[in-house]
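Structural characterization, general
Here is what each chain is made of, one letter per residue.
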Amino acid sequence: MPAKITYDGSTPEAPLVVPLRPTPAERRALDATIAAFGAACAVVMDAGRAAETTSNALLHRLCYRRLRSTYGLNANLAIRGIARAARRLKQPQPGRDEALIDYDARTLRFARDGAAVSLASQHGRLGAVRVDLDFRGRLRLGTGRLVRATLRRLPGCRYELIVWLAAPHEHPSGTAP
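The structure reproduced in this document is the subject of the present report. (Residues numbered from 1 in each chain as written. Predicted model: local features only at pLDDT ≥ 70, side-chain atom pairs only at ≥ 80, totals over all residues. Heavy atoms only, no water.)

So, on to the environment of Val18. Within the fold, Val18 resides in strand 2 (residues 16–21). For the pair Val18 and Val131, spaced 113 residues apart in the sequence, the C-alpha separation amounts to 7.0 Å. (Helix = DSSP H or I, 4+ residues; strand = E, 2+ residues; numbered from the N terminus.)

Dropping the structure here:
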């Protein structure tokens, strides 16, 4: 079972920004996955424009098998790529997605101690990408449930996860568990 996380000062509306410290091999795998995810999103967007659609379901039928076979994305990353492309077709944001990958609870998990994350990549799961030590001290296990996350590559071989957590469920009395 994945760790549930909270972060000092976080709210459901404000995402956490989690700096990562991947090894050189993990960086290569992340870079390859970022490139494949970006190329896959571009293909889906082209197909959507050609078919004059922004429907996730139709784009899935048009592109899913191609994304899996041509770009080597696992099923969940292919679906996340289709969703990102559909979103961009509906609300264009030029130049914003070149070095990003969308994750969800199926494709990303925090280690129980918060010291690492497990991420899906183009070549399988990266089992223990380290979380920055300075950040890890502020990350703690708790009641937050991962809703979605975006991996972002920054200049200088730096990577960070932008993580959105679900709000804790409230009891009928109005108090949090």
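From this point, the narrative continues.
Turning to the pairing of strand 8 (residues 146–154), a few remarks are in order. Strand residues, when the strand is regular, have side chains that alternate between the two faces of the sheet. With 4 bridges connecting them, strand 3 (residues 100–103) and strand 8 associate as antiparallel partners. Bridged to Leu100 within strand 8 is Arg152. Direction of pairing for strand 8 relative to strand 9 (residues 158–165): antiparallel, over a ladder of 8 bridges. When the sheet's bridge partners are listed, Ala149 is paired in strand 9 with Val163. Between strand 8 and the antiparallel strand that follows it, strand 9, lie 3 residues; Gly156 among them carries a positive phi value of about 80°. (Pairing = 2+ DSSP bridges.)

According to the stated counting rule, one finds 6 salt bridges in the structure shown. Across the pair Asp46 and Arg49 runs a salt bridge whose closest N-O atoms are separated by 3.3 Å. Within this pair, Asp46 and its partner Arg49 are both found in helix 1 (residues 24–51), separated by 3 residues, close to a single helical turn. The salt bridge involving Arg84 is made with Asp102; its shortest N-O contact spans 2.4 Å. With Arg84 in helix 3 (residues 75–90) and Asp102 in strand 3, this pair connects stretches of sequence that are 18 residues apart. The exposure classification of Arg84 matches that of Asp102, with both residues buried. (Salt bridge = Lys/Arg side-chain N within 4 Å of Asp/Glu carboxyl O. Buried < 20%, exposed > 50% of the residue type's maximum accessible area, 1.4 Å probe, protein only.)

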